Amino acid sequence: MTGSPGQGTDSPSRWCTVNTVATASAAVTVKTVAFASALALALAVVAVDRADGAAESYLAPAGVCRAADDPFASNAEQIRAVSCLLNWARIRAGYGRLNRRPALQRAAMLKGKRVAACSQFSHTPCGARVTSAVDAAGYRYGWFGEVLFAGTWKRISAREVVEAWLNSPPHRANVLRPQFRHVGVAPVLARGLLGGADAVVWTATFASPR
């Protein structure tokens, strides 16, 4: 499903979407985990301004995560900041930290590149399976989930990305899901995705091994 932000505004456009799947064992069949509503499970694109305001309970204070408020920080700095913010939220909620894994970093980057190449803000860009990126990265998962975010290029900070996810109940459920152990996060430039404007697509890929 493709999201089309509104036009004619000076503020950065921001959109996010969520999906989680799980396997109970090494079985081939993958089932979707219900957590909020059928609409969320249908890969609905969620506008950030429909937030429920809960982010303030889980969002790290300014200064805790380096470069979190700088939209011009390098990709490496922003990746570290997003990872830091995600883990701060999980610790705040009483769950364990997520360890970054190279395979999940590759999966997150691959998903973002497919979104950009297909110009579709979707977990299944160009009709690819939702798990195609993590499978291609070689991570054998027992649990897998991902959240996506698209915002105006060089106008969105790491804090705003994570705040958007935390303010949306289905996204927050993924971030705080206790079954997850590992994470990979990646930003990708998507030219023309936001109604002609260049966008940054953030993917956070969550998983735990079989």
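Quick caveat, the model's predicted, so the values are computed rather than measured.

Reading guide: rules and limits
Residues numbered from 1 in each chain as written. Predicted model: local features only at pLDDT ≥ 70, side-chain atom pairs only at ≥ 80, totals over all residues. Heavy atoms only, no water. Core = buried A, V, L, I, M, F, W, Y, C linked by side-chain atoms within 4.5 Å. Buried < 20%, exposed > 50% of the residue type's maximum accessible area, 1.4 Å probe, protein only. Helix = DSSP H or I, 4+ residues; strand = E, 2+ residues; numbered from the N terminus. Contact = heavy atoms within 4.5 Å. Phe/Tyr/Trp six-rings, centres within 6.5 Å; stacked < 30°, edge-to-face > 60°. Disulfide = S-S within 2.5 Å. Salt bridge = Lys/Arg side-chain N within 4 Å of Asp/Glu carboxyl O.

Chemist: Can you help me understand the nonpolar core in this one?
Modeler: A general trend in soluble globular proteins is that nonpolar side chains are found buried together. Counting 30 residues, the largest nonpolar core has Leu86, Trp165, Trp202 and Phe206 as its most contacted members. Elements that contribute at least two residues to this core include exactly α3 (75-93), β5 (141-152), α6 (158-167), β6 (182-194) and β7 (197-209). Apart from the residues lying within four places of it in its own chain, the contact partners of Phe206 are Leu86, Leu98, Trp143, Phe144, Gly145, Glu146, Val147, Asn174, Val175, Phe180, His182 and Val183. Core analysis: the next-biggest nonpolar cluster, separate from the first, contains 11 residues, Val115, Phe121, Leu194 and Val201 among them.

Chemist: Would you take a moment to explain the packing of aromatic side chains for this structure?
Modeler: The tally for this structure, following the rule as stated, stands at two aromatic pairs. Between the aromatic rings of Tyr141 and Phe144, the centroid separation amounts to 5.6 Å while the plane-to-plane angle is 40°, which identifies the pairing as tilted. Each of the two residues, Tyr141 as well as Phe144, counts as buried.

Chemist: Sorry, what's going on with the environment of Pro170 here?
Modeler: The residue Pro170 is located in helix α7 (residues 169-175) in this model. On the basis of relative accessibility, which here comes to 11%, the residue Pro170 falls in the buried class. Taking the C-alpha atoms as reference points, Pro170 and Val147, 23 residues apart in sequence, are found 9.3 Å from one another.

Chemist: Which parts of the structure should I look at to understand unusual backbone geometry?
Modeler: A negative phi angle is the norm for most residues apart from glycine, just as the trans form is the norm for most peptide bonds. Notably, Ala67 is not glycine yet its phi reads approximately 70°, a positive angle. Structurally, the position occupied by Ala67 is in the loop between α2 (55-58) and α3. Residues other than glycine seldom take positive phi values, yet Ser119 does so here, at roughly 55°. You can see Ser119 is positioned in the loop between α4 (102-118) and α5 (132-136). Residue class for Ser119 comes out partly exposed when judged on its relative accessible area of 41%.

Chemist: Whenever I open this one, the state of the cysteines confuses me. Can you help?
Modeler: Throughout this description, disulfide means a covalent bond between two cysteine sulfur atoms. One pass over the structure, following the stated rule, counts two disulfides. Linked covalently through their sulfurs, Cys65 and Cys84 form a disulfide whose S-S length is 2.0 Å. Residues Cys65 and Cys84 are joined by a disulfide whose S-S torsion is about -75°; by sign, that bridge is left-handed. Separated by 19 residues along the polypeptide, Cys65 in the loop between α2 and α3 and Cys84 in helix α3 bring together distant segments of the chain. Residue Cys65 is classed as buried on the basis of its relative accessible area of 4%. Look at Cys84 and you get partly exposed, because its relative accessible area is 27%. Note on cysteine connectivity: Cys118 is disulfide-linked to Cys126, with sulfurs 1.8 Å apart.

Chemist: Would you take a moment to explain the pattern of salt bridges for this structure?
Modeler: Should their charged atoms come close, side chains of opposite charge can pair. Going through the model one piece at a time under the given rule, you end up with four salt bridges. In this structure, Asp69 engages Arg159 in a salt bridge whose closest nitrogen and oxygen atoms are separated by 2.6 Å. Remark: Arg159 occurs in helix α6 and Asp69 occurs in the loop between α2 and α3; sequence separation between them is 90 residues. Its salt-bridge partner being Asp135, residue Arg129 comes within 3.0 Å of it at the nearest N-O pair. Exposure remark for Arg129: the relative accessible area of 51% places this residue in the exposed category. Residue class for Asp135 comes out partly exposed when judged on its relative accessible area of 33%.

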